[in-house]
Structures are given as structure tokens and as C-alpha cells.
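Working through the structure, step by step
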Amino acid sequence: MLDGLVVAFGDAQDFSRAGGTAYFVLPTTWTGRTRGKLFEEQGGWAFVQEWQGGEWRIACYTWAVTAFRLV
């Protein structure tokens, strides 16, 4: 069970754009509790967005964990 989740975002990285498609990575740190123990998980969201109907819409995304530790 997870509880007490807190998220912190870093500055967007690896931004690129080709016409109506854009890509970027958003570094992210999650902290909270799992099974009663404090944890910190670092990783990043990768987003592909497309320009549709006058606005940017998420076409797809993924999450990757780069580090995890119990505090």
C-alpha cells in the first residue's frame, strides 16, 4: 500500500519538435511510504505530444525508474 505520496518535478530535458509533434523528458522524484516504510523513487516521464485542434495533446507517455531507495 502506498500513502503520503509527494511528487517533485525537475526542468524539462531533451526537448525536440518536428512540425506538430513534440517530445520531452520530465525528471521526477516521488517520496512517500510503502508498507509503512519511507521511500524515494527517482525517474522520468517521457512525453510525445501532438498539436491537435489548436492545443497540445499527449499522444503517449512512459515512466522509467532510475533509482529507488528506502529511507
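Just above, that's the structure.
These figures come from a predicted structure and were not determined experimentally. (Residues numbered from 1 in each chain as written. Predicted model: local features only at pLDDT ≥ 70, side-chain atom pairs only at ≥ 80, totals over all residues. Heavy atoms only, no water.)

**Concerning the pairing of strand S2 (residues 13-18)**
Regular strands have side chains that alternate between both faces of the sheet. Burial runs low along S2: only zero of the six residues are buried. Counting the residues in the hairpin turn of S2 and strand S3 (residues 21-34) gives two residues, including Gly 19, whose phi is positive at 60°. (Buried < 20%, exposed > 50% of the residue type's maximum accessible area, 1.4 Å probe, protein only. Helix = DSSP H or I, 4+ residues; strand = E, 2+ residues; numbered from the N terminus. Pairing = 2+ DSSP bridges.)

**Focus: the environment of Glu 50**
Along the chain, the position of Glu 50 falls in strand S4 (residues 37-52). Overall, the relative accessible area of 30% leaves Glu 50 in the partly exposed class. Distance from Glu 50 to Cys 60, taken between C-alpha atoms, is 9.3 Å for residues ten residues apart in sequence. Residues in contact with Glu 50, not counting those within four places in the same chain, are Gly 20, Thr 21, Glu 55, Trp 56, Arg 57 and Ala 59. Side-chain polar atoms of Glu 50 contact the side chain of Gln 52, separated by 3.1 Å. (Contact = heavy atoms within 4.5 Å. Polar contact = N/O pair within 3.5 Å; in protein donor to acceptor, adjacent residues only side chain to side chain.)

**Focus: the packing of aromatic side chains**
Applying the stated criterion across every chain, the model contains seven aromatic pairs. Between Phe 24 and Phe 47, the aromatic rings sit 5.2 Å apart at their centres with planes inclined by 25°, giving stacked as the arrangement. Here Phe 24, found in strand S3, pairs with Phe 47, found in strand S4; they are 23 residues apart in sequence, far enough to count as distant. Each member of the pair, Phe 24 together with Phe 47, is buried. Between the aromatic rings of Trp 51 and Trp 56, the centroid separation amounts to 5.3 Å while the plane-to-plane angle is 65°, which identifies the pairing as edge-to-face. (Phe/Tyr/Trp six-rings, centres within 6.5 Å; stacked < 30°, edge-to-face > 60°.)

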